[in-house]
Structures are given as C-alpha cells and as structure tokens.
Amino acid sequence: MIALYVILTIGNGALITISRSLNSALGTRIGHLEGSLVNHLGGMLCGAVLLIVGVRTGTWHGGLPFYYYLGGCCGVILVAASNYAIPRVGSVVITILLTMAQLTATAWMDHNGWLGGRVIPFRWTTLCGMALLIGGALLTHPKPSTRWNVTPRQPSP
C-alpha cells in the first residue's frame, strides 16, 4: 500500500509541474489573474464531472469552519503569482522556492498540530533540508548578475 502512495505522490509532483507550466503559458497569453480564473474554472468543471459520474471520496455535511474555504483563495493567488514568475525566473527556480516554502510552512504546521494534524516537533534536519533547497535554487542560476534579471519569453503566436 505504501508503494501506491509513493507512486501517487510522484505522479502528483509531475502534474504540479505540468500544471504550473500550462498555467504560466496561459497567463502570459491572457493575463496572470485571468489565467488563474480559467485554471480554477477548469478545475471546478473537472471536479463537477467527477462528482456527477459518481466518484466520491467523502461526505459533505456542511457546517465547515470558514477557514476551510480559504484553500481556494490561496490557490488563486498561487496560480496568478506562478503565472507571473515562471516566465521571469524559470520553472526550476520556482519549483525549488515553492518546495522550500512548503517545507517551512508544513514544518511549522506540523510542529503546532494545526488543522487537526498530529504534532511532529521541528528538528534540525528540517532546517538542513531547507538550506539545501536554497543552495539548489542558487545553483540553478549561478551568475549573480543573471539570477533574477530574466526577460520573460514572448508568447508564440
């Protein structure tokens, strides 16, 4: 069963990269926030179709805390910001920085047991992992003069 979770996680990682790249190209063509809107409308349509054909993963009884709905707002900001940033600094740097930010946020959330998760104390190895990710981001653009001063690609016709 663990192998299935590992395969699903690797597949999700690839889908995140493909999704971000598609959204960035879309955002470059129609606008960053507009691209985020199209992305989320497409996701809503896909989710609706899956529910209509009978794919179910739980039961929705309503009465959820308001902050559970903030995930969608976070998604809009994430997609719009990625649409803007990827053409300027590249997918590799964005992925490394997002991974570092995710590691930092999840380490803090786990440390405090937020949103019903079990408490997992912050360890020095987590800090080492974050430092390695920062180093990886810097290594992908080794020249300081060109690291963050990239001209965005022009969309193809």
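Residues numbered from 1 in each chain as written. Predicted model: local features only at pLDDT ≥ 70, side-chain atom pairs only at ≥ 80, totals over all residues. Heavy atoms only, no water.

> Got a minute to help me understand the side chain of Arg20 in this structure?
Within the element layout of this structure, Arg20 appears in helix α1 (residues 2-30). Buried Arg20, no salt bridge; nearest opposite-charge side chain is Asp110, N-O distance 18 Å. Among the polar contacts made by the side chain of Arg20, one reaches the side chain of Thr95 at a distance of 3.0 Å. Other than its neighbours up to four places away in sequence, Arg20 contacts Ser82, Ile86, Ile94, Thr95 and Leu98. (Helix = DSSP H or I, 4+ residues; strand = E, 2+ residues; numbered from the N terminus. Buried < 20%, exposed > 50% of the residue type's maximum accessible area, 1.4 Å probe, protein only. Lys, Arg positive; Asp, Glu negative; His and termini not counted. Salt bridge = Lys/Arg side-chain N within 4 Å of Asp/Glu carboxyl O. Polar contact = N/O pair within 3.5 Å; in protein donor to acceptor, adjacent residues only side chain to side chain. Contact = heavy atoms within 4.5 Å.)

> Quick question: what am I supposed to make of the packing of aromatic side chains here?
The description of an aromatic ring pair uses the distance of the two centres, along with the angle that the planes make with each other. Summed over all chains, the structure comprises three aromatic pairs. For the pair Phe66 and Tyr67, a centre-to-centre distance of 5.6 Å together with 80 degrees between the ring planes defines the contact as edge-to-face. With a centroid separation of 5.2 Å and 70 degrees between ring planes, the pair formed by Tyr67 and Tyr68 is classed as edge-to-face. Given the relative accessible area of 40%, Tyr67 is considered partly exposed. (Phe/Tyr/Trp six-rings, centres within 6.5 Å; stacked < 30°, edge-to-face > 60°.)

> Just checking my understanding: could you explain unusual backbone geometry for this structure?
Glycine aside, the phi torsion of most residues is negative, and most peptide linkages are trans. With a phi angle near 55 degrees, Leu115 is a residue other than glycine that sits in the positive phi range. By the secondary structure assignment, Leu115 is in the loop between α4 (91-112) and α5 (124-140). A relative accessible area of 59% places Leu115 in the exposed class.

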